[in-house]
Amino acid sequence: MLIALEAVERTGSVCAWNGTERAFERCAGHAEAHLVPLIDRFMRTHGPVFALAVASGPGSFTGLRVAAMAARTIAWTDALPVHPVDSLAACAVQQGDGLWLVVMPLKRDTTFHGLFRITAGVLETLSPTCACRDDAMPELPDATGAVVVGPALTGKPGLVDRWFPRLATGDPAGPDARGVAKLAGQVPAVNWDQVLPQYHQEPAPVLQRAAARQALLA
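Residues numbered from 1 in each chain as written. Predicted model: local features only at pLDDT ≥ 70, side-chain atom pairs only at ≥ 80, totals over all residues. Heavy atoms only, no water.

Could you give me a rundown of the state of the cysteines, with the residues and numbers involved?
Within the structure shown, the criterion is met by zero disulfides. The thiol of C91 is not disulfide-bonded; the next cysteine sulfur, from C15, is found 15 Å away. Left without a disulfide partner, C132 is nearest to the cysteine sulfur of C130, which lies 6.9 Å away. (Disulfide = S-S within 2.5 Å.)

Let's hear about unusual backbone geometry: which residues, and what values?
Here the bond from G47 into P48 is cis, since omega is 0 degrees, no more than 30 degrees from zero. Structurally, P48 can be placed in the loop between α1 (31-46) and β4 (51-57). A cis geometry characterises the amide bond from G57 onward to P58, with omega recorded as 5 degrees. Mapped onto the fold, P58 is located in the loop between β4 and α2 (61-78). A positive phi angle is found at A79, which is not glycine, with a value near 55 degrees. Along the polypeptide, A79 turns up in the loop between α2 and β5 (82-86). With a relative accessible area of 67%, A79 lands in the exposed category. Here the phi dihedral of A120 falls at roughly 50 degrees; this positive angle occurs in a residue that is not glycine. Mapped onto the secondary structure, A120 falls in the loop between β7 (110-119) and β8 (122-133). Overall, A120 belongs to the exposed group, its relative accessible area being 67%. (Helix = DSSP H or I, 4+ residues; strand = E, 2+ residues; numbered from the N terminus. Buried < 20%, exposed > 50% of the residue type's maximum accessible area, 1.4 Å probe, protein only.)

I'd like to hear about α2, residue by residue, with values.
Over its 18 residues, α2 extends 26 Å from the first C-alpha to the last, a length consistent with the 26 Å expected when each residue adds 1.5 Å. Residues G63, L64, V66, A67, A68, A70, A71, R72, I74 and A75 constitute the buried set of α2. Contacts from the buried residues of α2 go to β1 (2-6), α1, β4 and β5. With its phi angle positive at about 55 degrees, A79 sits one or two positions after the end of α2. (Expected span 1.5 Å × (residues − 1). Contact = heavy atoms within 4.5 Å.)

The following block contains the structure:
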């Protein structure tokens, strides 16, 4: 059995997967208090476990750290391989076959985006996940026919309308452990010490210092 976990939006979820979904449950509260007990219950109930999968990012700073540390610790303790899965790619896979432009908000001034094609369940990354300031325009290959999905649809609807005025919109839900589990088999497994949060941009203090330096030079 593979156990997939994520804490992309600070809460989190866990899925037991053996080629198909066996069980899925969301955390009752914040991941730092509820994710590890939920993983433990799933492992005891749905074992034996042969691998883990985790949404490595982007996402909540705290949530990603909690999920990565949980995956690292369990993988080290039980000598399990881990499949680190991109959060936006997992969101696209959850949608099924099609061309998906996934958008996820990051704080108030930045939004992640990525363009993915899913064919017979297989992921093709046309534009990898990256962060773009809301006052800029994202650089993308031709996205004609894509459907915009992801939590920025509800979190920043005006931004999505400005960025992609000609594209249809779809499901505003973010990724969960089911998408992570579905994509795990297409992502190479790594050892526990290679599981790290992928923030896809510099930490906030680094960006703030850079902005302050730029303001002094202006």
